[in-house]
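# Breakdown of the fold
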Amino acid sequence: MKKNKEKITAKLKKALGAKKVKENIPLAPLTTFGIGGPAFWFISAENKKEILEAIKASRELEIPSFILGGGSNILIADQGFPGLVIRIKNEGLTIKGTRITAEAGLPLAKLVESAQKNLLSGLECCVGIPGSVGGAVCGNAGAREEWIGKTIEGVSIIDKKGEITHLNNGDCKFSYRESRFKNNPQEVILEATFTLKKEKKEVIEQKIKSFLKARENQPKEKSAGSVFKNPPGDSAGRLIDQAGLKGKKIGQAQISEKHANFIINTGGAKAEEVLKLIRLAQKTVKEKFNVNLELEIKLVGF
């Protein structure tokens, strides 16, 4: 294995640049959870060309790859990721009339802020959500009834053949916390175009205020955001609370006392501890209410 890893390292460095390819980079500091082991190989890709080259190299060398954006909504295994982690850092943004095109690595907060500054409405539901534009598009981020997917005109991706392809909104299959990209690592989001509408400053400010108010009860400690999707007509947090698990702790991981759909890292939590709490919540809610809790966060490297 060691010999094989050395061979792959040499080939990666040749393809992507000796200075660009790093080894055994800890991933925990790059996530909002602060949990996770190292990446076998790691590259920070600053633009489309670098992203394309990294994807191409990982496919040619037949090694697993993982796209890392803002590091929210994911739980990385304690042993890390046995392949190439490509950190997306393309952060371009252009505004033409009521359309905004944003690259995948742009922090979601910057997109929301730019829309607000330009009096463009439609993205208020994403205020206060961490992470990148690519991650938000992939997970169709937003509130219960309002999602980022509803404002998307089109998305540019690297497809499974390694070519850049353009998809329209219908191709993306957006639904509550879902899209075609969610469990499809073969497609990598490069940028998205949003069609918004002109609105009065006060109206946008009021919408932002109400979405921020709705998020007031979310914990401030390190977490990956909401762990489970809300079941139809119900709330995952309510069910976990009613199941008597609010505040339940395993090691340094805890089901938040503030909001039961959040698992928090109280300091030095392990991915295994979080996973045990996830399984416990699923099992208990299933037994008590006959409801299957579906994960909203992505498990990486397990």
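Residues numbered from 1 in each chain as written. Predicted model: local features only at pLDDT ≥ 70, side-chain atom pairs only at ≥ 80, totals over all residues. Heavy atoms only, no water.

## Comments concerning the side chain of E191
The topology assignment puts E191 in strand β11 (residues 188-195). Note on E191: relative accessible area 18%, which makes it buried. (Helix = DSSP H or I, 4+ residues; strand = E, 2+ residues; numbered from the N terminus. Buried < 20%, exposed > 50% of the residue type's maximum accessible area, 1.4 Å probe, protein only.)

## As for the sheet that holds strand β14 (residues 249-250)
Ordered by their spatial adjacency, four strands build an open sheet running β13-β16-β15-β14, and the pairing between neighbours is antiparallel. Looking at the sheet topology across the chains shown, the edges are occupied by β13 (222-223) and β14. As paired strands, β14 and strand β15 (residues 253-255) are joined by two bridges and run antiparallel to one another. Across the sheet, residue K249 finds its bridge partner in β15, namely Q254. Contacting β14, β15 and β16 (263-265), helix α7 (residues 271-289) runs over the sheet at an angle of about 25 degrees to β15. (Pairing = 2+ DSSP bridges. Contact = heavy atoms within 4.5 Å. Axes fitted to C-alpha atoms, helices over the stretch in contact; angles between N-to-C directions.)

## Topic: the packing of aromatic side chains
All told, the structure shown has two aromatic pairs when counted by the stated rule. Where F40 meets W41, the ring centres are 5.6 Å apart and the plane angle is 80 degrees; that geometry is what we call edge-to-face. Here F40 falls in the partly exposed class, since its relative accessible area comes to 22%. Across from the ring centre of W41, 6.0 Å away, lies the NZ or CZ of K5, which sits over that ring. The ring of W147 carries K150 above its face, with NZ or CZ at 4.5 Å from the centroid. (Phe/Tyr/Trp six-rings, centres within 6.5 Å; stacked < 30°, edge-to-face > 60°. Lys NZ or Arg CZ within 6 Å of the ring centre and 35° of its normal.)

Distances and angles like these do not, on their own, reveal function.
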